[in-house]
Amino acid sequence: MPSISLGTHVPLRSLRFGLLLLAMVLPLLLGLAPRSAFAQVARVGAWTTGLTHTVGSGNNRVLIFMVGLEADANHLVNAVTYGGQSLTRIAGVAATSTNAFRGRTELWYLDEAGIGAATGNTFSVTFSATPIDAHYSAATYSNINQSSPIFDSITAATGTGSPNPITASVNVVDGGMAVSSAFSGNTGTFAWGNGWTEGTDQNQTSSCSSSADHPAAANGTDTASATHSGPNRLAIVAISLDPCVDTDSDGLCDADDPDDDNDTWSDADEAACGTNPLDNLSVPTDTDSDGLCDSIDPDDDGDTWSDVDEAACGTNPLDNLSVPTDTDLDGLCNTLDPDDDGDTWSD
């Protein structure tokens, strides 16, 4: 590429083309998948508080559960189940003040397999000791990468009321969703900045918790920022959910889509035919358009003569106008038939 010194005039058309080319090539050089390769993570239904939650409908879901607690010692969350299924802890953090009081917030998740296996809609939380206050909230999200649902997580905490807002910046991927929980050792209310949508804001005896989320519109970072009306012992957890792959951008994750590249050939058929089910320019050859690709079709040109017979008879199995001669219509071409006219006398 020629260098451009200051003062050099670059035609606007060339500049636009260069920028467009850079926008197309740079993601490939960085190893980033194009936007169309991912579904959009979406919350299905509203956030709920308490220990019961009915999961929203959708595909490739993840159930997110927030637990917060206020205690006078380092009480821990040992386990969480939903309908008998064990959740996985994503991240948690405690804010400790000088009087040893602690405020803790944690986020846990259950994947689609666990949601499907759950026998009820109730959470059960096991603590290392009974806390003074306990807070619970939950939300369901769809279109999540089930093999690796959590893209990133980060925590922050302060034993005082400063800084307020308390913030946490989490890495996000285009099409994903950032989710956060915040906790304060005083009652009051939280306000979320940076365009985040609050899901819950609840008070117990001496503490307050809140949850929020924010769709990711691009690869980068997203900052959860929670301001409390009467801050004390502030803690925050921020995570990002990884979207599932959706090759043809039809809203169906590839795991649920029978035709990933939307070329009208199913993934199963493409696998049998030897073409790429993730490339809509890679399609099976089907000479006679009967829905069977030539590699598995016994009669590629649909002329009622099998490819094997046409090869033996010396005609073209890919041309339905090229058919073997069969004088006596006995199913044997004259080339192979010892009695072409079927008069019982051999040729």
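This one's a predicted model, so the numbers in the text were calculated from it and none came from an experiment. (Residues numbered from 1 in each chain as written. Predicted model: local features only at pLDDT ≥ 70, side-chain atom pairs only at ≥ 80, totals over all residues. Heavy atoms only, no water.)

A. Region of the structure containing the pattern of salt bridges. Counted by the stated rule, this structure contains five salt bridges. Arg61 is the salt-bridge partner of Glu112, the closest N and O atoms lying 2.8 Å from each other. One end of the pair, Glu112, is in helix α2 (residues 112-117); the other, Arg61, is in the loop between β2 (48-49) and β3 (62-71), and 51 residues separate them in sequence. The partly exposed category is assigned to Glu112, whose relative accessible area is 22%. Among the charged side chains, a salt-bridge network with shared partners connects Arg89, Arg104 and Glu106. (Salt bridge = Lys/Arg side-chain N within 4 Å of Asp/Glu carboxyl O. Helix = DSSP H or I, 4+ residues; strand = E, 2+ residues; numbered from the N terminus. Buried < 20%, exposed > 50% of the residue type's maximum accessible area, 1.4 Å probe, protein only.)

B. Just the environment of Leu107, in detail. Within the fold, Leu107 resides in strand β7 (residues 102-110). The spacing of Leu107 and Ser181 is 74 residues in sequence and 7.3 Å in space, taken between C-alpha atoms. If sequence neighbours within four positions are ignored, Leu107 has contacts with Ile64, Phe65, Met66, Thr88, Arg89, Ile90, Ala91, Val179, Ser180, Ser181, Val237 and Ile239. (Contact = heavy atoms within 4.5 Å.)

C. Quick look at the nonpolar core. With 22 residues, the main nonpolar core has Ile64, Ile90, Leu107, Tyr141, Val179, Ile239 and Leu241 as its most contacted residues. Looking at this core, the elements with two or more residues in it are β3, β6 (88-96), β7, β9 (133-142), β12 (177-184) and β17 (234-241). Core analysis: the second largest hydrophobic core is formed by 18 residues, Phe65, Val77, Ile115 and Val125 among them. (Core = buried A, V, L, I, M, F, W, Y, C linked by side-chain atoms within 4.5 Å.)

D. Summary view of the confidence of the model for the chain. Here the chain averages 85 in pLDDT, while 89% of its residues score no lower than 70. pLDDT under 50 marks residues 1-36. Its contacts with residues more than four places away, or in other chains, come to 12 contacts. (pLDDT = per-residue confidence, 0-100.)

E. Highlighting the pairing of β9. Burial within β9 is extensive, with nine of its 10 residues counted as buried. As judged from the two bridges shared by strand β1 (residues 42-43) and β9, these two strands associate in the antiparallel manner. By the bridge assignment for β9, Ala42 is matched with Ser142. In this sheet, β9 lies alongside β2 in antiparallel orientation, the contact comprising two bridges. Note on β9: the bridge partner recorded for Thr48 is Ala138. Summarising the sheet, β3 and β9 pair through nine bridges and their orientation is antiparallel. When the sheet's bridge partners are listed, Leu69 is paired in β9 with Ala134. (Pairing = 2+ DSSP bridges.)

F. Local environment of the sheet that holds strand β8 (residues 123-127). Reading across the sheet, the three strands line up as β5-β4-β8 and stay open at both edges, with antiparallel pairing between neighbours. Of all strands in the sheet, those with a lone pairing partner are β5 (85-86) and β8, marking the two edges. As defined by bridge partners, strand β4 (residues 77-82) adjoins β5 across two bridges and the pair is classed as antiparallel. Residue pairing across strands places Thr81 opposite Ser86, the latter belonging to β5.

G. Focus on the state of the cysteines. Overall, the coordinates contain two disulfides when judged by the stated rule. The disulfide bridge from Cys273 ends at Cys293, spanning 2.0 Å between sulfur atoms. The sign of the -95° torsion about the S-S bond sets the Cys273-Cys293 disulfide as left-handed. Taken together, the residues span a long stretch of sequence, with Cys273 in helix α3 (residues 267-273) and Cys293 in the loop between α3 and α4 (307-313) at a distance of 20 residues. Exposure class is identical for Cys273 and Cys293. Each is buried. Linked covalently through their sulfurs, Cys313 and Cys333 form a disulfide whose S-S length is 2.0 Å. Residues Cys313 and Cys333 share a disulfide whose torsion about the S-S bond is about -95°; that sign makes it left-handed. (Disulfide = S-S within 2.5 Å.)

H. Layout of the packing of aromatic side chains. Counting across every chain of the model gives four aromatic pairs. On the basis of an interplanar angle of 20° and a centroid distance of 4.1 Å, the ring pair of Phe65 and Phe123 is categorised as stacked. Of this pair, Phe65 sits in strand β3 while Phe123 sits in strand β8, and the two are 58 residues apart along the sequence. Here Phe65 and Phe123 have matching classes, each one buried. Between Trp192 and Trp196, the ring centres sit 6.1 Å apart and the planes meet at 15°, which makes this aromatic pair stacked. Through a chain of ring-to-ring contacts, three or more aromatic side chains come together here, namely Phe65, Tyr82, Phe123 and Tyr136. (Phe/Tyr/Trp six-rings, centres within 6.5 Å; stacked < 30°, edge-to-face > 60°.)

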